[in-house]
Protein chains: 2
Amino acid sequence: METTIDIKDDVSEIILNSAKTIFARYGFKITTMDEIAQAARKGKSSIYHYFKSKEDIFKAIVEKEADELSAAIAKAINAETTSKKKIRAYVLARMKGINNLTNLYSALKDEYLEHYSFIENVRVKYDTEEVNTIKGILKTGVEDGEFKIEDINLTAFALVTALKGLEYPLFIKNNNAKTEKRFEGLLNVLFYGIIAR
Amino acid sequence: METTIDIKDDVSEIILNSAKTIFARYGFKITTMDEIAQAARKGKSSIYHYFKSKEDIFKAIVEKEADELSAAIAKAINAETTSKKKIRAYVLARMKGINNLTNLYSALKDEYLEHYSFIENVRVKYDTEEVNTIKGILKTGVEDGEFKIEDINLTAFALVTALKGLEYPLFIKNNNAKTEKRFEGLLNVLFYGIIAR
DNA sequence: TAATCGACCAAATTGGTTTTTCGGTCGAAC
DNA sequence: GTTCGACCGAAAAACCAATTTGGTCGATTA
């Protein structure tokens, strides 16, 4: 994975990784630039040669994690053939992925960071990306005659919203085989509805 | 509606209504007992003859509003015959009802009040009530052979969660005929699923 | 030219003190 | 039973000095 091209950004990478650990442990506010610099074995001024602000570093880390989750989800989706399976893969990958990057991604839900506009930007960006991903799957499903949906946009939005709401009470708390079975049941509601036939 | 029995609680009612307006406008924290007393044309000490604390007043107001919403929803449900129509009536009544009591009910979502245990109690109480209502409808629907659901508890919970998530972006913002049509589409997903047949 | 850093600054934060406000009590009066 | 003025103690607000800290700059290194 690592090529020689990365060498140029070597220091940036070191700074980012150092900062990542400290941010994860102590949060954005308390972490100081001096601490980051110290962890990276650099003078504080040197950090500013690579990043223009503390926010900038944090932003880079969060965005990187968001990208990693996106990639993991995309990979899971592409591995499936039918749209139905893609939806299922999406939910599963999302659930498992979020557990991994609890550290910084949880920052999106941190009340203190609520007011930082740059975090809000990341949130909005990731939210729309998420909706678009689902929308894409639904659209393909409809075109292939696999799905039948009145309003794709609305359905995609509702699905993401519901997923986000269920995320914490269902997935985060206990993430095991039993949990998987439970959301399997919910997916069946989505696929087949609750009306008997 | 008003009977002579109410006369005894006349002053309580006055205090409650005065407080309600002030709380709605300025929120729980900023509102002072003196202001409430002044609006009720009473001395501050007099208030304590009817309510034991500021929290107590607020609690009474919020619980009253919650009860009103519950009653409105129950009425709407009972007016319908089939379980499917009951679900639809529930969503509609909930959407319209919440718009009415934006004032204090919004307190449930106020970040400042998050930490007050008495508010948490109201929230939990209303949440479980809501889930139970839906659960009741679903259960009856299944028993009558109208619905077919694997896990009623989970489905009810998911439905309420989704509804709560969609509440703000869909309903509150623009509450009109077009909105009704939109969630009609979502209800169809719930009823019939997205799989084509 | 790219990278590093010590010295420095202004703004924000912190810690501690004082003042004010406010929820709540009490006893008296009606 | 109801009302209220006077009062209390704890919490919040206001204030201020000391310190921290995000960020800049010029010089130095390589």
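Residues numbered from 1 in each chain as written. Chains lettered and ligands numbered in written order. Predicted model: local features only at pLDDT ≥ 70, side-chain atom pairs only at ≥ 80, totals over all residues. Heavy atoms only, no water.

This part covers the protein's contact with DNA strand C. In the vicinity of DNA strand C there are 14 residues, among which Gly43, Ser45, Ser46 and Tyr50 of chain A together with Lys44 of chain B approach most closely. Taking the atoms of DNA strand C that fall within 4 Å of the protein, sugar and phosphate contribute 50% of them. Between Gly43 of chain A and DNA strand C, the recorded distance is 2.6 Å, taken from a backbone N or O atom to a phosphate oxygen. Taking Ser46 of chain A, its side chain carries an N or O atom lying 3.0 Å from a phosphate oxygen of DNA strand C. (Near = heavy atom within 4 Å. Polar contact = N/O pair within 3.5 Å; in protein donor to acceptor, adjacent residues only side chain to side chain.)

As a further point, take unusual backbone geometry. Even without being a glycine, Arg41 of chain A presents a positive backbone phi close to 60°. With respect to the secondary-structure elements, Arg41 of chain A resides in the loop between α2 (33-39) and α3 (44-50). (Helix = DSSP H or I, 4+ residues; strand = E, 2+ residues; numbered from the N terminus.)

Here the focus is the protein's contact with DNA strand D. Neighbouring DNA strand D are 14 residues, the closest being Met33 and Lys44 of chain A together with Gly43, Ser45 and Tyr50 of chain B. Contacts to DNA strand D include Ser45 of chain A, whose side-chain N or O atom sits 3.3 Å from a base oxygen. Between DNA strand D and the protein, one listed contact pairs a phosphate oxygen with a side-chain N or O atom of His49 of chain B at 3.4 Å. Looking at the surface near DNA strand D, the elements that each hand over two or more residues are α3 of chain A together with α3 (44-50) of chain B. Element by element, the count of residues in the surface near DNA strand D is highest for α3 of chain B, at four residues. In the surface near DNA strand D, the residues fall into three nonpolar, eight polar and three charged. (Nonpolar A, V, L, I, M, F, W, Y, C, P; charged D, E, K, R; others polar.)

Contact residues are listed per partner, giving 31 residues for chain B and 31 residues for chain A. When chain B packs against chain A, close to 2800 Å² is buried across both sides, 71% of that on carbon and sulfur atoms. In terms of surface lost to chain A, no three residues of chain B exceed Leu154, Ile194 and Ile195 of chain B, which account for 24% of the buried area on that side. At the boundary of chain B and chain A, one finds zero salt bridges. Summed over the shared surface of chain B and chain A, the number is twelve residue pairs in polar contact (both at pLDDT 80 or more). Looking at the side of chain B that touches chain A residue by residue, the class counts come to 18 nonpolar, seven polar and six charged. (Contact = heavy atoms within 4.5 Å. Buried area = accessible area lost by both parts, 1.4 Å probe. Salt bridge = Lys/Arg side-chain N within 4 Å of Asp/Glu carboxyl O.)

Turning our eyes to something else, we now look at the relation of the copies chain B and chain A. If you rotate chain B by 179° and push it 0.3 Å along the axis, it lands on chain A with an RMSD of 0.4 Å. On this basis, the relationship between the two copies can be described by a two-fold rotation axis. Most of the interface of chain B is mirrored in chain A: 100% of its interface residues are interface residues there too. (Least-squares fit on C-alpha atoms with pLDDT ≥ 70 in both.)

Moving on: the packing of helix α5 (residues 83-100) of chain B against helix α9 (residues 177-192) of chain B. Residues and elements named next belong to chain B. Two numbers describe how α5 lies on α9: the axes approach to 11 Å, and their chain directions differ by 145°. As α5 packs across α9, the resulting crossing turns out to be right-handed. Between α5 and α9, the contacting residues are Lys84, Ile87, Arg88, Val91, Leu92, Met95 and Lys96 on the first element and Thr179, Glu180, Phe183, Glu184, Leu187, Asn188, Leu190, Phe191 and Tyr192 on the second. Split into classes, the residues belonging to the contact of α5 with α9 amount to nine nonpolar, two polar and five charged. (Axes fitted to C-alpha atoms, helices over the stretch in contact; angles between N-to-C directions. Left-handed = near helix turned anticlockwise from the far one by under 90°.)

If charged atoms from side chains of opposite charge come close, those side chains can pair. This structure, assessed with the given rule, holds 16 salt bridges over all chains. Lys164 of chain A is the salt-bridge partner of Asp127 of chain A, the closest N and O atoms lying 3.1 Å from each other. Here the residue Asp127 of chain A occupies a position in helix α7 (residues 117-143), and Lys164 of chain A occupies one in helix α8 (residues 152-172), the gap between them amounting to 37 residues. Asp127 of chain A sits in the partly exposed class, given a relative accessible area of 24%. A residue is classified by how much of its surface remains accessible, and Lys164 of chain A, at 29% relative accessible area, is partly exposed. Ionic pairing is found between Arg88 of chain B and Glu184 of chain B, a salt bridge with its closest N-O pair at 2.5 Å. Of this pair, Arg88 of chain B sits in helix α5 while Glu184 of chain B sits in helix α9, and the two are 96 residues apart along the sequence. Residue classification places Arg88 of chain B among the partly exposed residues on the basis of a relative accessible area of 23%. Assessed through its relative accessible area of 28%, Glu184 of chain B is described here as partly exposed. Several salt bridges converge on common partners, so that one network encompasses Arg94, Glu130 and Glu167 of chain A. (Buried < 20%, exposed > 50% of the residue type's maximum accessible area, 1.4 Å probe, protein only.)

The way to describe two aromatic rings as a pair is by their centre distance and the angle between their planes. Taken as a whole and assessed by the stated rule, the structure comprises eight aromatic pairs over all chains. Between the aromatic rings of Phe191 of chain B and Tyr192 of chain B, the centroid separation amounts to 6.3 Å while the plane-to-plane angle is 70°, which identifies the pairing as edge-to-face. A residue is classified by how much of its surface remains accessible, and Phe191 of chain B, at 0% relative accessible area, is buried. Residue Tyr192 of chain B is classed as partly exposed on the basis of its relative accessible area, which comes to 33%. Here the aromatic cluster, defined as three or more aromatic residues joined through ring pairs, consists of Phe23, Phe28 and Phe58 of chain A. For the cation-ring pair, Lys54 of chain A lies above Phe28 of chain A, with the distance from its terminal atom to the ring centre recorded as 4.8 Å. (Phe/Tyr/Trp six-rings, centres within 6.5 Å; stacked < 30°, edge-to-face > 60°. Lys NZ or Arg CZ within 6 Å of the ring centre and 35° of its normal.)

What follows is about the side chain of Ser83 of chain A. Position of Ser83 of chain A among the secondary structure elements: in helix α5 (residues 83-100). Its relative accessible area of 3% is what places Ser83 of chain A among the buried residues.

Glancing now at helix α9 (residues 177-192) of chain A. All names here are of chain A. In this model, α9 (16 residues) spans 23 Å end to end at C-alpha, consistent with the 22 Å of a helix rising 1.5 Å per residue. Within α9, burial applies to Thr179, Phe183, Gly185, Leu186, Leu187, Val189, Leu190 and Phe191. Downstream of α9 by one or two residues, Gly193 has phi in the positive range, about 75°. (Expected span 1.5 Å × (residues − 1).)

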